[in-house]
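Descriptive structure summary
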Amino acid sequence: MPVQAWFVLAVLAGITLLIALDRVRPPMALFGGLALTVAGGVADLDQALVGFSDPAVLTVGALFVVAAAVRHTGALRLITRAVFGTDNGPQRGLVRLLLPTAFFSAFVNNTPIVAMFIPATRSFARRVGETPSRYLMPLGFAAMLGGTCTLIGTSANLVVSGRLVQAGLEPLGMLEMAWVGVPTVVLGLIYLSTVAWKMLGERQALSEVVRDVDAARQYLAELAVQSDSPLIGKSVGEAGLRQLPGLFLAEIQRADGRIVRPVAPQDLLSAGDLLVLSGVASSVAELRSFPGLVPVEDLDLSSMERHLFEVVVSHRSRMLGRTVREVGFRRRFDAAILAVHRAGERLHQRIGDLELRPGDTLLLSASPGFHETWRDSVDFYLVSALSGAEAPPNFKSARAALGVLGLLVVLPVGSTFAHKLWPQVPEVPIAVMAMLSVVALVAFKALNARQARQAVEFSVLIVIACALGLAQALELSGAAQGIADGLVLLAGFLPPVGLLALVYLLSVVAASLITNAAGAAIVFPIALSVAAAAGLDPRPFAVVVALAASAGFASPVGSNATLLVYGPGGYRFRDFVRVGLPLNVICLLVALSVVPLVWPLQP
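An account of the accompanying structure is given in this report.

Definitions and limits used
Residues numbered from 1 in each chain as written. Predicted model: local features only at pLDDT ≥ 70, side-chain atom pairs only at ≥ 80, totals over all residues. Heavy atoms only, no water. Helix = DSSP H or I, 4+ residues; strand = E, 2+ residues; numbered from the N terminus. Contact = heavy atoms within 4.5 Å. Areas by Shrake-Rupley, 256 points an atom, 1.4 Å probe, with all protein chains shown as cover. Expected span 1.5 Å × (residues − 1). Buried < 20%, exposed > 50% of the residue type's maximum accessible area, 1.4 Å probe, protein only. Axes fitted to C-alpha atoms, helices over the stretch in contact; angles between N-to-C directions. Parallel < 35°, antiparallel > 145°, perpendicular 65-115°, else oblique. Left-handed = near helix turned anticlockwise from the far one by under 90°. Nonpolar A, V, L, I, M, F, W, Y, C, P; charged D, E, K, R; others polar. Salt bridge = Lys/Arg side-chain N within 4 Å of Asp/Glu carboxyl O. Core = buried A, V, L, I, M, F, W, Y, C linked by side-chain atoms within 4.5 Å. Patch = residues over 30% accessible without salt bridge, like charges linked within 9 Å, V, L, I, M, F, W, Y side chains within 5 Å. Bend = angle between axes of the 7 residues up to and from the residue. Polar contact = N/O pair within 3.5 Å; in protein donor to acceptor, adjacent residues only side chain to side chain. 1 Å grid on protein atoms, 1.4 Å probe; cavity = no way out; pocket = protein on both sides within 12 Å on 5 of 7 lines; lining within 4 Å. Points joined across faces, edges and corners; volume = space filled by probe spheres on them. Phe/Tyr/Trp six-rings, centres within 6.5 Å; stacked < 30°, edge-to-face > 60°. Lys NZ or Arg CZ within 6 Å of the ring centre and 35° of its normal.

A word on the overall build of the chain
Secondary structure summary: the chain contains 26 helices and ten strands in total. Across the chain, every contact between residues at least 6 apart in sequence was considered, and the portion connecting residues at least 24 apart equals 80%. Of the roughly 23,900 Å² of accessible surface on the chain, a fraction of 62% belongs to carbon and sulfur atoms.

If you want it as structure tokens, here you go:
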């Protein structure tokens, strides 16, 4: 391979290493790598930025808005109420959960689907005497499986379809992937509801620790200022309540019922004040050294106009890599962090010193309006409002949202069919239909312009666009052809389906280390080069790339669906490896069996 090819491979290896070690977030790593390919003379600026004008990026952005509209209008919530019904069978309940999850994930971004099902799933698990960990991982996996069935089910499918067009080939049809996606879903759900059900061990989730007030007290220190306390008249800072080891002052409830939150160092203490401190429970004993502070044994939290929320830190959060103290969490969000879960383990250290990471599950004490104010924030996914503070959805527009979604699915199929029957009828691109869907949703007031703007995950779009640019660099430098030639030589003693298997495995690894769409974009040119070098039809290889890019089950960080259930399920990384690898094998076997039948390898 030429020197430029080795340079591009070195850039990709560096990107992968930085992301795998969590040193740099994927958008910045890929953007930096793309800049290096321009600086190294591999591609000019127009070639490097080709991904930012790709229709797939626009389509993915529009689909974020469609998914947000379905969530805002409560359309998914209406469905969750009917999922479990009155069935008290633990395993039957899992089946009733997985089927609609997979179905709706074929048409809607899986993030809101998983987020909406998590609270109902945990409630059902408690009702039947099971731990949520037996349900939440299968929930995330079912959402990933469902996305493989349609063109709009996952961003990886859209990226592959766009790359096919650029290569002068037919794009993927709306339901073309269903030929292999449906068998994958069927076998995957059977595995999840039988073998995986038995494999999943018990993990204690954060919300299980704080089901009620008594459990929550292990994270709360509640003290009243006595009438003879020498702290009366002193500021919070002067009293030494700002530098407590392992605890911080979350709020003050005045005797007249007023709430001081967040608490400033200059706020004065008065007789009858109720101090609520949160942090490490083992440090509560140190509060006994403060004269005139008496622990409150029977505190009615509901009277304090405070609600408990559980959120998961997102991959695109602005707080990543910063401590809670550096973020100024209380000042920014008017909320106090009561507990943190990371990889299924409670952290016994000072909350202010915690460096936030993707997937961290935070239990918050906040005002009732927290959900409405921050549910569309880029900083975290709101999993549940544990004390009923969630604002009611706009059910009046639920039908409009579902109608627009239905048209988005039906119209591309109808447009293609009409174009084949009557060539004079233009075939409308999926990107144009997605744009019109956004306009229709705002017009029908399923969501407003601000909500539509906030629904777009721009970091995801940057990752996809940069990955498309890096894929271009792979082709221009000759690296894609070099890797393809190596794979052909390596598999020279194998039948063509062996090459298909190698491309599948390469796509799974890439998607697990980066993201599904980025992995698909980078592996696609290699897959096409492999097909060309072996004299095989490129379409089955493209289909395998799309399918494998959504099969990163062995890692919790390759998909928002698994990231969402990581903390609430109380899982560890090895749980995903143990349960996800067999599912990967099932998906591989289905792909190798079905793809050559539907899309023949020989041209």
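What follows picks up the thread again.
Focus: helix α20 (residues 458-477)
With 20 residues, α20 extends 28 Å from end C-alpha to end C-alpha; this agrees with the ideal 28 Å at 1.5 Å per step. The element α20 is largely enclosed, with a buried count of 15 among its 20 residues. Gly 478 occupies a position one or two residues after α20 and carries a positive phi of about 90 degrees.

Some words on the packing of helix α8 (residues 133-146) against helix α26 (residues 573-598)
Between α8 and α26, the shortest axis-to-axis distance is 12 Å and the interhelical angle comes to 30 degrees. In terms of orientation, α8 and α26 fall into the roughly parallel class. Crossing of α8 over α26 shows right-handed handedness. Facing Met 137, Phe 141 and Leu 145 of α8, the residues of α26 in contact are Asp 575, Phe 576, Val 579, Gly 580, Leu 583 and Cys 587. Broken down by class, the residue content of the contact of α8 with α26 amounts to seven nonpolar, one polar and one charged.

Things to note about the pattern of salt bridges
Where charged atoms from two side chains of opposite charge come close, those side chains can pair. The final tally for this structure, using the stated rule, is seven salt bridges. A salt bridge links Arg 578 to Asp 575, with the nearest nitrogen and oxygen atoms 3.3 Å apart. With a gap of three residues between them, Arg 578 and Asp 575 both fall in helix α26, about one helical turn apart. Since its relative accessible area comes to 3%, Asp 575 is described here as buried.

Re unusual backbone geometry
At Lys 445, a residue that is not glycine, the phi angle is positive and equals roughly 60 degrees. Looking at where Lys 445 falls in the secondary structure, it is placed in the loop between α18 (430-443) and α19 (449-455). Overall, the relative accessible area of 64% leaves Lys 445 in the exposed class.

A look at the packing of helix α4 (residues 55-72) against α18
For the pair α4 and α18, the least separation of the axes is 9 Å and the interaxial angle reads 30 degrees. Taken together, the axes of α4 and α18 are roughly parallel relative to one another. Judged by the twist between their axes, the crossing of α4 over α18 is left-handed. Touching Pro 55, Leu 58, Thr 59, Ala 62, Val 65, Val 66 and Ala 69 of α4 are Ile 430, Ala 431, Ala 434, Met 435, Ser 437, Val 438 and Leu 441, all from α18. Looking at side-chain class alone, the contact of α4 with α18 contains twelve nonpolar, two polar and no charged residues.

Let's talk about the nonpolar core
The biggest cluster of nonpolar side chains holds 147 residues, and the ones touching the most others in it are Phe 141, Val 160, Val 180, Leu 192, Leu 474, Tyr 504 and Phe 541. Phe 141 has contacts with Leu 192, Phe 553, Thr 562, Phe 576, Val 579, Gly 580 and Leu 583, leaving out every residue within four places of it along the chain. Counting residues in each nonpolar core, the second largest holds 19 residues, with Val 311, Val 324, Phe 329 and Leu 354 among its members.

Side note on a nonpolar patch on the surface
A surface patch of nonpolar side chains, about 440 Å² in accessible area, is lined by Phe 31, Leu 45, Leu 49, Phe 52 and Ile 462. Inspection of the secondary structure assignment puts Phe 31 in helix α2 (residues 26-39).

Looking at helix α17 (residues 398-421)
Taking 1.5 Å of rise per residue, the 24 residues of α17 would be expected to cover 34 Å, and the 34 Å separating its terminal C-alpha atoms lies within 8% of that figure. Along α17, the helix axis deviates most sharply at Val 410, where the bend reaches about 25 degrees; the proline Pro 412 sits within four residues downstream.

Some thoughts on the environment of Ile 259
Mapped onto the elements, Ile 259 comes out in strand β3 (residues 259-260). Each C-alpha atom, one on Ile 259 and one on Asp 273, is 9.8 Å from the other, the two residues being 14 residues apart in sequence.

Remarks on the side chain of Ser 477
Secondary-structure assignment places Ser 477 in helix α20. Classification of Ser 477 as buried rests on a relative accessible area of 3%. Engagement of the side chain of Ser 477 in a polar contact is seen with the backbone nitrogen of Ala 479, the distance being 3.3 Å. The contact partners of Ser 477, leaving out residues within four places of it in the chain, are Pro 2, Gln 4, Ala 5, Val 8 and Val 42.

Comments concerning the side chain of Thr 148
Secondary-structure assignment places Thr 148 in the loop between α8 and α9 (155-166). Assessed through its relative accessible area of 2%, Thr 148 is described here as buried. In terms of polar contacts, Thr 148 uses its side chain to reach the backbone carbonyl oxygen of Leu 145, at 2.6 Å. Beyond its immediate chain neighbours, meaning those up to four positions away, Thr 148 contacts Asn 157, Met 177, Gly 181, Val 185, Leu 547 and Ser 550.

Considerations on the environment of Trp 179
Mapped onto the fold, Trp 179 is located in helix α10 (residues 178-193). In this structure the C-alpha to C-alpha distance between Trp 179 and Trp 599, which are 420 residues apart in sequence, comes to 9.8 Å.

Some words on empty space enclosed by the protein
Inspection of the entire model under this criterion finds one cavity of 30 Å³ or more. Quantified by volume, the largest cavity comes out at close to 30 Å³. Along the walls of the largest cavity sit Leu 145, Thr 148, Thr 184, Tyr 504, Leu 547, Ser 550, Ala 551, Phe 553 and Cys 587, which together make up its complete lining. Of the residues that constitute the lining of the largest cavity, the class distribution is six nonpolar, three polar and no charged.

Some thoughts on the packing of aromatic side chains
Aromatic ring pairs are defined here through the distance separating the ring centres and the angle between the ring planes. This model, assessed by the stated rule, comprises five aromatic pairs. Ring centres 5.4 Å apart and planes at 75 degrees place the aromatic pair Tyr 135 and Trp 197 in the edge-to-face group. In this pair, Tyr 135 is assigned in helix α8 and Trp 197 in helix α11 (residues 195-199), connecting sequence segments 62 residues apart. Take Tyr 135 and Trp 197: they sit in the same class, and that class is buried. With a centroid separation of 5.1 Å and 75 degrees between ring planes, the pair formed by Phe 141 and Phe 553 is classed as edge-to-face. Note that Phe 141 is positioned in helix α8 and Phe 553 in the loop between α24 (538-549) and α25 (560-566), a separation of 412 residues in sequence. An identical accessibility class is assigned to Phe 141 and Phe 553; each is buried. Taken together, Phe 103, Phe 104 and Phe 107 form an aromatic cluster joined through their ring pairs. In this arrangement the basic side chain of Arg 134 is found over the ring face of Trp 197, its NZ or CZ atom lying 3.9 Å from the centre.

So, to be careful, I would describe these as geometric facts and stop short of saying anything about function.
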